[in-house]
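# Reading the structure
Listed below, chain by chain, are the residues.
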Amino acid sequence: MTKALDRSGLERVARQIRRDIVQSTTEAKSGHPSSSLSMVELLVTLYFGGILRYDPQNPHDPDRDIFILSKGHAAPGLYSVLAEAGYFPREDLMTLRKFGSPLEGHPNMCRLPGVEASTGSLGQGLSIGIGHALAARLDGRDSRTYVLCGDGESEEGQFWEAVMFAGNHNLDNLTLIHDHNGYQQTAAVDEIQPLDPMPSKLQAFKWQAREIDGHSLDQVAETFEWARNVTGAPQAIVARTIKGKGVSLLEEAPWKWHGKPIPKDEEAKALAEIGAGS
Amino acid sequence: MTLDLTHLGLPGGPSTREAFGDALAEIGSDERIVVVDGDVNNSTYTNKFKERYAERFFNAGIAESNMVGIAAGLAASGKIPVAASFSTFLMSNAFDQIRMSVAFPNLNVKLVGTHAGISIGEDGPSQMAIEDIALACSLPGFTVIVPADGPSAGAATKAMIERDGPTFLRCGRPDVPIVYDDISKFHLGKATTLRDGDDVTIVANGIMVAMALDAAETLKKEGVEARVLDMHTVKPVDVASIERAANETRGMVVAEEHLAYGGLGATVSMVVAERKPTRMAFVNIGDTYATSGTPEQLLTQYGLTPDAITDAARRVLKD
């Protein structure tokens, strides 16, 4: 099953996902809303824009596409998308991080359907994605693997080991979505380990890479289309994003808000800024 | 007396790494098996699989973290990945990936570490895995196997492929004596009684098993009948065999080519302490890194010899 909403449908779902991210983390009194908000258009287009093939009724279908959230701390964003996709009831989102809930602080593939990899120790998702892509190639399955990595986590050595391997093995059924929101826990990426120019670095490792505005639904959709038509090389979508996108409190000082929920008394304002969901 | 590691009064055999490589190639027609290598396939002998099934062999290069992550993804897609490298680079370099990408999601990844212990010899301590069993045993859900000889390394390789779940198989570099005259006695998860006796029990694995048999011969001359258990599966350990030995013999020696902490000695001790406290003594590397030298020189220097086992047995049986 592939959901393909029109433009206004995608905008509406994006607002709903943002609302879910804010409300679930505020309810949990912990979590990473700002890291989740930067990837909303990327995930909404992937899951609801006719790109990813998946079936919540048959979550282990071997012919499905795979999505791996390598930056596992953005779990509230992934969970909101999985609920919207129908993997579990939306009400469960408010159990985020609570004892007994499968919506753990970081994704746990053994407990929550739709989660394809247990992540949370940074830099590991792309290697796991390579394993899936190799398996599909060996089996002759038309399954694609998408891995979303953060810019901060790209400081991990394993990320570059994986980049080198995927390029050298021409893994054209593998797409890296690089959520370039510019900030890591304590400061801007540029102040700690500048990554730019990311596309040409990836191209030097034999990837095809495009840089886009990660909040433009049109650009995101076009680039996913481009990626699945590339042959002979893995593809990278370097998405320029804004950490905390949609909530001014977070956007204005992203270095202050990593891993912090919106306080209860700021929640109504944040939801008003986001607007109505579905 | 000079240590003759390759015989110890027993028939000579291959290294456990070579027996692993042979067994893997033998069962390699199983399309689910995919091998990932850390560019040491002519040392781990996964090259024997590669020669027959090149399309299911991937050399990840000198990048163990990525190698383990790829294995995790392959397992999540239904393959049975075998990730093999030198044990210290596999377990120490990639431990976070093993923990997070393999153990935590309980994926069916087979990790094979070769060149374990100090018996690798001249390459020296940077290449010697002496912490690897402790690391592997610390991971929830892992099966940890340390075979003693060629036949049992081959049997262990086949058994771990058949058994679902994350597994660490530890193999050594040198040729070692054959301790199994009948490999049908080998069962994963069950200690093998290689010699019966009711005075003292020697629990060993890896190269220490042949030494335990040699020590048992010496003890026999002194009128001491030693039971020798090959505890190839360190985790889950065979509790019943340990409890029985604690009840039926007067003490226990645990011998392993590993640091004192977190290996077979610690594992057996927990069972003994809980089920049937008895006198125990331990033969291991202690709490130190080794040096370069021949395997025999190093084993002698660091106290991994039949004589060390015999002495430990005598201590246990004293008064």
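Structural data are supplied above this passage.
## Points about the overall build of chain A
Each helix and strand counted, chain A has 12 helices and 5 strands in total. By principal-axis analysis of the C-alpha atoms, chain A measures approximately 50 × 45 × 35 Å. Among the 278 residues that make up chain A, the fraction classed as buried is 54%. When contacts within chain A are restricted to residue pairs at least 6 apart in sequence, those whose partners lie at least 24 apart make up 76%.

## Here we look at the overall build of chain B
Check the secondary structure of chain B and you find 13 helices and 12 strands. Against the globule reference of 20 Å for 319 residues, chain B gives a C-alpha radius of gyration of 19 Å, in line with a compact fold. Projecting the C-alpha coordinates of chain B onto the three principal axes gives extents of approximately 60 × 40 × 35 Å. Residues counted as buried form 62% of the 319 residues belonging to chain B. When contacts within chain B are restricted to residue pairs at least 6 apart in sequence, those whose partners lie at least 24 apart make up 79%.

## Looking at the interface of chain A and chain B
Interfaces are often sized by the amount of accessible area the parts lose when they come together. In this assembly, 21 residues from chain A lie in contact with 24 residues from chain B. Looking at the side of chain A that touches chain B, the elements that each hand over two or more residues are α5 (125-139) and α6 (157-168) of chain A. Ranked by residues supplied to the side of chain A that touches chain B, first place goes to α5(A) with 10 residues.

## Brief notes about unusual backbone geometry
With an omega of 0 degrees, the peptide bond running from D196(A) to P197(A) counts as cis. Mapping P197(A) onto the fold places it in the loop between α7 (189-192) and α8 (198-204). Cis peptide bonds are those with omega within 30 degrees of zero, and the linkage from K235(B) to P236(B) qualifies with -5 degrees. A positive phi angle is found at N170(A), which is not glycine, with a value near 50 degrees. Along the chain, N170(A) falls in the loop between α6 and β3 (174-180).

## Things to note about the sheet that holds strand β12 (residues 279-283) of chain B
Residue and element names in this part refer to chain B. Pairing in this open sheet of 5 strands is mixed, and the strands run β7-β9-β8-β11-β12 from one edge to the other. Looking at the sheet topology across the chains shown, the edges are occupied by β7 (192-195) and β12. For this sheet, the mean angle separating the axes of adjacent strands, direction not counted, is 25 degrees. Across 3 bridges, β7 lies against strand β9 (residues 226-230) in antiparallel orientation. Bridge pairing links T192 to D230 in β9.

## Side note on helix α3 (residues 40-48) of chain A
Residue and element names in this part refer to chain A. Along α3, 9 of the 9 residues are buried, which leaves the element largely enclosed by surrounding structure. Along α3, the positions that sit buried rather than exposed are V40, E41, L42, L43, V44, T45, L46, Y47 and F48. Looking one or two residues beyond α3, the residue adopting positive phi is G50, at roughly 85 degrees.

## Brief notes about the environment of C149(A)
Residue and element names in this part refer to chain A. Residue position: C149 is located in strand β2 (residues 145-150). Residues C149 and S70, 79 residues apart in the sequence, show an inter-C-alpha distance of 5.1 Å. Apart from the residues lying within four places of it in its own chain, the contact partners of C149 are S70, K71, G125, L126, S154, F159, L176, H178 and D179.

## Details of the nonpolar core
Residue and element names in this part refer to chain B. Counting residues in each nonpolar core, the largest one holds 193 residues, and the members touching the most others are I202, A212, V253 and I309. A total of 9 residues in this core trace back to one element, the largest contributor, which is helix α9 (residues 208-221). Non-local contacts of I309, meaning those with residues more than four positions away in its chain, are made with I202, M211, A212, A215, V253, A255 and V283.

## Description of the pairing of strand β4 (residues 208-213) of chain A
For a regular strand, side-chain orientation follows a simple rule: the groups alternate between the two sheet faces. Residue and element names in this part refer to chain A. Pairing between β4 and strand β5 (residues 235-240): 6 bridges, direction parallel. By the bridge assignment, I212 is partnered in β5 with A239. Read as a crossover between parallel neighbours, the route from β4 over helix α9 (residues 217-229) to β5 is right-handed.

## Remarks on the environment of G259(A)
All names here are of chain A. You can see G259 is positioned in the loop between α11 (254-257) and α12 (264-274). Sequence separation of G259 and S34 is 225 residues, and the distance between their C-alpha atoms is 7.4 Å. Aside from chain neighbours lying at most four places away, what touches G259 is H32, H73 and Q185.

Criteria and cut-off values
Residues numbered from 1 in each chain as written. Chains lettered and ligands numbered in written order. Predicted model: local features only at pLDDT ≥ 70, side-chain atom pairs only at ≥ 80, totals over all residues. Helix = DSSP H or I, 4+ residues; strand = E, 2+ residues; numbered from the N terminus. Buried ≥ 20, exposed ≤ 12 C-beta atoms within 10 Å, placed from the backbone. Contact = placed C-beta atoms within 7 Å. Rg over C-alpha atoms; globule rule 2.2 N^0.38 Å. Pairing = 2+ DSSP bridges. Axes fitted to C-alpha atoms, helices over the stretch in contact; angles between N-to-C directions. Core = buried A, V, L, I, M, F, W, Y, C linked by C-beta atoms within 7 Å. Right-handed = clockwise from strand over helix to strand, strands pointing away.

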